[in-house]
Amino acid sequence: MIGKWLNAGVLENGNLSRSESGTPQGGVISPLLANIFLHNVPDDWFVKEVRPRMKGRCFIIRWADDFIIGPEAKSDALRITEVLPKRFGRFGLSLNMRKTKLVKFGKPDRAGKYKPETFDFLGFTFYWAKSLRGYRVIKKKTAKKRLMRFLKTLWDRCMRNRHKPLKEQYRALCEKLRGYYRYFGVRSNYRALETVRNHAVKAWRFWLSRRSHKG
């Protein structure tokens, strides 16, 4: 059954394509097989071999094929950066070096001399900021690329569907926004949600006014 899943191919716009290696993009079995395989490659290896050798605290968070490793000591971070490609190479995998980087994300000091960097993970940008009570906390907001991509999707959707019945357009647009809110609707991200909502109103009004020459 797994063999049939892997060799089924992908049907896109009426064209069938088969992948020569790996799991098919978008295949129903791909996430399951990826989690089984990657549990052994970084997760189990990190818990049993990496973390006991670290000088400071260290954690790993993985979602499908995206993961972050948070070592407390800089020396630990450099050691992990050195051995990680070798570990993946043993299993025929390679890291995407365009998305792999070492980020300084320590807590800011009160004097303001040290300013941590930011990083993107699962569509969010993580950064340090102050809470309402003045404490330093980690916050997250929609990553800029993801936000701009969704705004473009809304604009194109309103353009393509402008001649459909209004109630049908309304329901489809609401479903699109609800899906976005349920994922990105987290604390400290209200500005991105407001931007999306205002853009949806603007895009829908713009393309509805161009359904006929009367405006």
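Caption draft 1: Region of interest: the environment of Lys115. Looking at the element boundaries, Lys115 is found in the loop between helix 3 (74-89) and strand 5 (119-121). Judged by its relative accessible area of 68%, Lys115 is exposed. Along the backbone, Lys115 and Trp128 are 13 residues apart, and their C-alpha atoms lie at a distance of 8.9 Å.

Caption draft 2: Spotlight on the packing of aromatic side chains. Going through the model one piece at a time under the given rule, you end up with 15 aromatic pairs. Summarising the aromatic geometry, the rings of Trp155 and Phe206 are spaced 5.0 Å apart at their centres and angled 35° between planes, so their arrangement reads as tilted. Placement of the pair is Trp155 in helix 4 (residues 144-160) and Phe206 in helix 6 (residues 190-208), with a sequence separation of 51 residues. For Phe206, a relative accessible area of 28% corresponds to the partly exposed category. For the ring pair Phe206 and Trp207, a centre distance of 5.0 Å and an interplane angle of 85° mean the geometry is edge-to-face. With a relative accessible area of 13%, Trp207 lands in the buried category.

Caption draft 3: Molecular detail of a nonpolar patch on the surface. A grouping of Met1, Ile2, Trp5 and Val28 is seen on the molecular surface, where their side chains present a nonpolar patch of about 470 Å² in accessible area. Considering the arrangement of structural elements, one finds Ile2 in helix 1 (residues 2-7).

Caption draft 4: Broad picture of the nonpolar core. One finds Phe119, Phe126, Phe150, Leu154, Leu177, Tyr180 and Val196 to be the most contacted residues of the largest nonpolar core, which totals 22 residues. Of all the secondary-structure elements, those providing two or more residues to this core are strand 5, strand 6 (124-130), helix 4, helix 5 (166-184) and helix 6. With 6 residues, the top contributor of residues to this core is helix 6. By size, the runner-up hydrophobic cluster in this structure holds 11 residues, among which are Trp45, Phe46, Cys58 and Leu84.

Caption draft 5: Spatial organisation of a positive patch on the surface. Judged by side-chain charge, Lys107, Arg110, Lys130 and Arg136 come together as a positively charged surface patch. Mapping Arg136 onto the fold places it in strand 7 (residues 136-142). With a relative accessible area of 32%, Arg136 lands in the partly exposed category.

Calculation rules
Residues numbered from 1 in each chain as written. Predicted model: local features only at pLDDT ≥ 70, side-chain atom pairs only at ≥ 80, totals over all residues. Heavy atoms only, no water. Helix = DSSP H or I, 4+ residues; strand = E, 2+ residues; numbered from the N terminus. Buried < 20%, exposed > 50% of the residue type's maximum accessible area, 1.4 Å probe, protein only. Phe/Tyr/Trp six-rings, centres within 6.5 Å; stacked < 30°, edge-to-face > 60°. Patch = residues over 30% accessible without salt bridge, like charges linked within 9 Å, V, L, I, M, F, W, Y side chains within 5 Å. Areas by Shrake-Rupley, 256 points an atom, 1.4 Å probe, with all protein chains shown as cover. Salt bridge = Lys/Arg side-chain N within 4 Å of Asp/Glu carboxyl O. Core = buried A, V, L, I, M, F, W, Y, C linked by side-chain atoms within 4.5 Å. Lys, Arg positive; Asp, Glu negative; His and termini not counted. Charge placed at Lys NZ, Arg CZ, Asp CG, Glu CD.

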